[in-house]
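Remarks on the overall topology
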Amino acid sequence: MEPDPLSDQTFLFADLSGFTALTEAHGDDEAVDLVGGFFSDVRELLAGYGAEQIKTIGDAVMIRCQDPASAIELGVRIAGELGGRPGFPVVRVGMHTGPAKERDGDWFGGTVNLAARVAAAASGNEVLLTEATAEAAGEQTEFALSEHGRVSLRNISEPLRLLRASRGSPHDEAGLPIDPVCRMAVDPEDAAGSLRHGEVQYFFCSIDCAHAFTEAPERFAAGD
């Protein structure tokens, strides 16, 4: 059935956090392969949530869902299962619900633009959504929502209140440590090396990343 352009849609953007760092550390070829694998893994999930991929933009994928609760569940699964796997970058997700215009298979309008802004405000392994999406989803038990706070977004006049979605309790997803150089998740048991800098123990996916860190720890120790 063709989507109704007058009804509200939920648009979700997911991308690889730290993609530039990954490219610098491991080169374009490996980065491109990882992005291709990420897009393929996301596409395999879409049918189960009544979602469709609209397009890819660099390392980001844009997805449309008519059911906002399904969009949140999908976003949590993308961030929690696809992002942060050992040897894979963490993923950030953002979404917003509202009216939009379809043309030639693409979607346009303020709702789409705001969803992209929300995704850009997320950190790695984080799923952020607007109040509009939370209200449209209603009461759910498949995911938990917690307060993220008000955020100033580009081209939005007033700070916007955002919520964070997680699976189950919002406090039970510690995740794997992140290589500070290439921003890939690292299983401590399989790390190529580790070292303490200041009060933090860092783990590295490769000797090259460990060497890069020791050469310029001030560059990476505070990396997002």
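In what follows, the structure referred to is the one given above.
Residues numbered from 1 in each chain as written. Predicted model: local features only at pLDDT ≥ 70, side-chain atom pairs only at ≥ 80, totals over all residues. Heavy atoms only, no water.

Overview of the packing of aromatic side chains
Each aromatic ring pair is described using two quantities: the centre-to-centre distance and the angle formed by the ring planes. Basically, it comes down to this: For Phe, Tyr and Trp, where Trp contributes only its six-membered ring, two rings pair if their centres lie within 6.5 Å, and the inter-plane angle classes them as stacked under 30 degrees, edge-to-face over 60, or tilted in between. Only DSSP runs of H or I covering at least 4 residues are called helices, and only runs of E covering at least 2 are called strands; the numbering of each starts at the N terminus. Throughout this description, buried means an accessible area under 20% of the type-specific maximum (1.4 Å probe, protein chains only), exposed means over 50%, and partly exposed covers the range between.
The final tally for this structure, using the stated rule, is four aromatic pairs. On the numbers, 4.9 Å between centres and 45 degrees between planes, the contact of Y202 with F213 is tilted. Of this pair, Y202 sits in strand β11 (residues 200–204) while F213 sits in helix α6 (residues 207–215), and the two are eleven residues apart along the sequence. Accessibility assignment for this pair places Y202 and F213 in one class, buried. Centre to centre, the rings of F204 and F213 are 5.4 Å apart; their planes meet at 55 degrees, and the pair counts as tilted. Note on F204: relative accessible area 0%, which makes it buried. Through pairs of rings, three or more aromatic residues link up here, namely Y202, F204 and F213.

Details of a negative patch on the surface
Put simply, the rule is: Residues enter a patch when their relative accessible area is above 30% and they make no salt bridge; the linking distance is 9 Å between like charges and 5 Å between nonpolar side chains (Val, Leu, Ile, Met, Phe, Trp, Tyr). Under the convention used here, a 1.4 Å probe and the Shrake-Rupley method define accessible areas, while residue burial counts only the protein chains that appear. A side-chain nitrogen of Lys or Arg and a carboxyl oxygen of Asp or Glu constitute a salt bridge if their distance falls within 4 Å. Asp and Glu count as negative and Lys and Arg as positive, but His and the ends of the chain are not part of the count. One atom stands in for each charge, and that atom is NZ of Lys, CZ of Arg, CG of Asp or CD of Glu.
A cluster of acidic side chains, namely D28, D29, E30 and D33, defines a negative patch on the protein surface. Note that D28 resides in helix α2 (residues 28–46).

Some thoughts on the packing of α2 against helix α3 (residues 68–82)
Just so we agree on the cut-off: Helix axes are fitted to C-alpha atoms over the stretch in contact, other axes to C-alpha atoms as well, and angles between N-to-C directions run from 0 to 180 degrees. Should an angle fall under 35 degrees it is taken as roughly parallel, and over 145 as roughly antiparallel, whereas 65 to 115 is taken as roughly perpendicular and any remaining angle as oblique. By convention, the crossing between two helices is left-handed when the near helix turns anticlockwise from the far helix through less than a right angle, and right-handed when the turn is clockwise. We call two residues in contact whenever any of their non-hydrogen atoms come within 4.5 Å of each other. Classes in brief: Ala, Val, Leu, Ile, Met, Phe, Trp, Tyr, Cys and Pro nonpolar; Asp, Glu, Lys and Arg charged; the others, Gly included, polar.
Where α2 contacts α3, the axes come no closer than 11 Å and their chain directions differ by 140 degrees. Taken as axis vectors, α2 and α3 run oblique relative to one another. Between α2 and α3 lies a crossing whose hand is right-handed. In contact with F38, D41, V42, L45 and L46 of α2, α3 contributes L74, R77, I78 and L82. Residues of the contact of α2 with α3, tallied by class, amount to seven nonpolar, no polar and two charged.

Re the sheet that holds strand β3 (residues 60–65)
Cut-off, in case you're wondering: A pair of strands is considered paired only if DSSP assigns at least 2 bridges between the two.
Strand order in the open sheet formed by seven strands is β2-β3-β1-β4-β7-β9-β8, with mixed pairing between adjacent strands. At either end of the open sheet lies a strand with only one pairing partner, and these are β2 (51–57) and β8 (144–151). With direction set aside, neighbouring strand axes in the sheet form an average angle of 25 degrees. As defined by bridge partners, strand β7 (residues 127–130) adjoins strand β9 (residues 160–166) across four bridges and the pair is classed as antiparallel.

A look at the packing of helix α1 (residues 19–26) against α2
The geometry of α1 relative to α2 is characterised by a closest axis approach of 7 Å and an angle of 135 degrees between their N-to-C directions. The orientation of α1 relative to α2 falls into the category oblique. Note on element contacts: α2 touches α1 through D28, E30, A31, L34 and V35, opposite F19, L22, T23 and H26. Residues of the contact of α1 with α2, tallied by class, amount to five nonpolar, two polar and two charged.

As for the environment of E142
Its location among the elements puts E142 in the loop between α5 (131–137) and β8. You can call E142 partly exposed: its relative accessible area is 42%. Spatially, the C-alpha atoms of E142 and E81 are 15 Å apart, while their sequence positions differ by 61 residues.

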